[in-house]
Amino acid sequence: MADMFVKQAKQYAEARPNYPEELFKFIASKTPKNELAWDVGTGSGQAAASLAPIYKNVIATDTSPKQLEFAIKLPNIRYQLTPPTMSITELEQNVATQSSVDLVTIATALHWFDLPQFYKQVKWVLKKPNGVIAAWTYYWPEINESVDAVFKSFHSVDYEPFREPQHKLVENKYMSIDFPFEPVDGVDNTGPFDQFVLEKLMDLDDYLTFIRSSSGYQTAKNRGVELLTDNMMEKFKVAWNSDGQSKKVARFPVYLRIGKVGN
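One numbering rule holds for all chains: residues counted from 1, following each sequence as written. The predicted nature of this model means local features are confined to residues of pLDDT at least 70 and side-chain atom pairs, given and counted, to a pLDDT of 80 or more, with totals for whole chains, interfaces and linings taken over all residues. Each side-chain value is worked out from all heavy atoms of the structure, with water and hydrogens disregarded.

> I would appreciate a short explanation of the packing of aromatic side chains in the present structure.
Given two aromatic rings, their pairing is described by the distance between the two centres and the angle made by the two planes. Here a Phe, Tyr or Trp ring, Trp counted by its six-membered ring, pairs with any other such ring whose centre lies within 6.5 Å, and the pair is stacked when the planes are under 30 degrees apart, edge-to-face when over 60, and tilted otherwise. In this structure the tally under the stated criterion is 20 aromatic pairs. On the basis of an interplanar angle of 75° and a centroid distance of 5.8 Å, the ring pair of Phe-154 and Phe-236 is categorised as edge-to-face. Remark: Phe-236 occurs in helix H11 (residues 230–240) and Phe-154 occurs in helix H7 (residues 145–159); sequence separation between them is 82 residues. Only when the NZ of Lys or the CZ of Arg is both within 6 Å of the ring centre and within 35 degrees of the ring normal is a charge said to sit over the ring. In this structure, Lys-73 packs its charged tip against the face of Tyr-79, placed 5.8 Å from the ring centre. The ring of Phe-181 carries the charged tip of Lys-123 above its face, separated from the ring centre by 5.4 Å. Helix numbering and strand numbering both begin at the N terminus, where a helix is a DSSP run of H or I of at least 4 residues and a strand a DSSP run of E of at least 2.

This is the structure in structure tokens:
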């Protein structure tokens, strides 16, 4: 997974939207204490930076040193490079001790993980019985009817051969992803919940940078294929300029899974 984002780490940091404050308030309302949060697959630290004002300390881990170079630096965030797989001893050394973490978050990354192994680690570090795990994802940006129509054709024809199988979990809004945790207080299931929306003001260059920052685009590039050909760029340009507005609000519905560790 980490190798997919090495070359476009700067693009990824610039192109990805910030998560809404309401998402973190909702998640934090489900943790009895706000002492320590672990943000896994932190990338360039968007989620970690939003957790920092709420939790006393945040440990943010990733397997990509290049991604961590662009991470948002705050005094109570400790960024840690970790191997793709960790023993319990390595988990204790790199992350936290047993039953010491109030919250584990995974922002748009859970579909890349070895879930059985990862969930063992989550259940080891979370405080029992009410330590919380929250994982969410979002899909491609929604712009308007014209741009979305061009993108739909681009995605289904040009992009599809280079898309990783894990993206099916994202396309399915995390409905089918394994999530063996108990509902948190005041919630009768673990989701996915879709009451949150990311918004980012974009011009055409921002939008194309978002596409270039994706793993499928990078896979195609590594195979010598340029997905954003001159012809495709022209189609996006015509669609983007059809309403006369150079900047548009891109919407990203968020799909959240949340649960507690139990006994």
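> Please explain the packing of helix H9 (residues 204–212) against H11 as it appears in this structure.
Each packed pair of helices is defined by two parameters, the angle between the axes and the distance between the axes. Orientation is described by lines fitted to C-alpha atoms, with helices fitted over the stretch in contact, and by angles between N-to-C directions that extend from 0 to 180 degrees. Their axes nearest at 11 Å, the elements H9 and H11 cross at an angle of 140°. As the angle between them shows, H9 and H11 are arranged oblique. Where H9 crosses over H11, the two elements pack in a sense that is right-handed. Where H9 abuts H11, its residues Leu-204, Tyr-207, Leu-208, Ile-211 and Arg-212 lie against Met-233, Phe-236, Lys-237 and Trp-240. Under this grouping Gly is polar, as are all residues other than the nonpolar Ala, Val, Leu, Ile, Met, Phe, Trp, Tyr, Cys and Pro and the charged Asp, Glu, Lys and Arg. Per-class residue counts for the contact of H9 with H11 are seven nonpolar, no polar and two charged. Between 65 and 115 degrees an angle is taken as roughly perpendicular, under 35 as roughly parallel, over 145 as roughly antiparallel, and anywhere else as oblique. Helix crossings are classified by the rotation of the near helix relative to the far one: an anticlockwise turn of less than a right angle makes the crossing left-handed, while a clockwise turn makes it right-handed. Contacts are assigned to residue pairs that have any heavy atoms within 4.5 Å of one another.

> Explain helix H10 (residues 215–222) to me, please; I cannot follow it from the model alone.
For the α-helix, the turn length of 3.6 residues means that residues three or four positions removed from each other point alike. Counting buried positions over the eight residues of H10 gives six, a clear majority of the element. Along H10, the positions that sit buried rather than exposed are Ser-215, Gly-216, Tyr-217, Gln-218, Thr-219 and Ala-220. As for H10, its buried residues are in contact with H7, helix H8 (167–171) and H9. Downstream of H10 by a residue or two, Gly-224 has a phi angle that is positive, lying close to 80°. With a 1.4 Å probe rolled over the protein chains alone, any residue whose accessible area is under 20% of its type maximum counts as buried; one over 50% counts as exposed, and the rest are partly exposed.

> Looking at this structure, I do not really get the sheet that holds strand S6 (residues 193–202). What am I missing?
Strand-to-strand pairing in sheets goes through backbone hydrogen bonds, with the strands running parallel or antiparallel. The strand order across the open sheet formed by seven strands is S3-S2-S1-S4-S5-S7-S6, and the pairing between neighbours is mixed. Of all the strands in the sheet, the pair left with one neighbour each is strand S3 (77–81) and S6. Here the strands of the sheet are splayed against their neighbours by 20° on average, with no regard to which way each runs. Following DSSP output, two strands are said to pair if at least two bridges run between them. As paired elements, strand S4 (residues 103–107) and strand S5 (residues 132–138) share five bridges and run parallel to each other. Looking at the pairing, Leu-103 lines up with Val-132 of S5. Strand contacts of helix H2 (residues 21–28): S4, S5, S6 and strand S7 (248–260), with the helix running at about 10° to S7, the strand carrying the most contacts.

> Before we go on, may I ask you to explain the packing of H7 against H11 in this structure?
The geometry of H7 relative to H11 is characterised by a closest axis approach of 8 Å and an angle of 160° between their N-to-C directions. Comparing the axis directions of H7 and H11 gives the class roughly antiparallel. The two elements H7 and H11 meet at a crossing, and its hand is left-handed. Residues Ser-146, Val-147, Val-150, Phe-151, Phe-154 and Asp-158 of H7 form the contact with H11, whose participating residues are Met-232, Lys-235, Phe-236, Ala-239 and Trp-240. Counted by class, the contact of H7 with H11 contains eight nonpolar, one polar and two charged residues.

> Could you clarify how one ought to interpret the confidence of the model for the chain in this entry?
Low-confidence regions, as indicated by low pLDDT, have predicted coordinates that should not be scrutinised in detail. A residue's pLDDT is simply how confident the predictor is in it, with values from 0 to 100. With 94% of its residues at a pLDDT of at least 70, the chain reaches an overall mean of 92. Contacts of residues 2–9 to residues separated by more than four positions or lying in other chains number 23 contacts, the stretch itself having pLDDT below 50.

> Would you explain the pairing of strand S2 (residues 57–62) in this entry?
It is a general feature of regular strands that their side chains alternate between the two faces of the sheet. The element S2 is extensively covered by neighbouring structure, given that five of its six residues are classed as buried. One ladder, built from five bridges, connects strand S1 (residues 36–40) with S2; its direction is parallel. Among the inter-strand pairings, Leu-36 is bridged to a residue of S2, identified as Asn-57. The parallel pair S1 and S2 is bridged by helix H3 (residues 46–51), and the resulting crossover is right-handed. One ladder, built from five bridges, connects S2 with S3; its direction is parallel. Paired with Thr-61 across the bridge in S3 is Gln-80. Seen with its strands pointing away from the viewer, a crossover is right-handed if its path from the first strand over the helix to the second goes clockwise.

> It is not clear to me how the side chain of Asn-94 should be interpreted in this structure. Could you clarify?
Residue placement: Asn-94 occurs in helix H5 (residues 88–94). Assessed through its relative accessible area of 17%, Asn-94 is described here as buried. In this view, Asn-94 contacts Ile-59, Arg-78, Gln-80, Thr-82, Pro-83 and Met-86; residues no more than four positions away in its chain are not counted.

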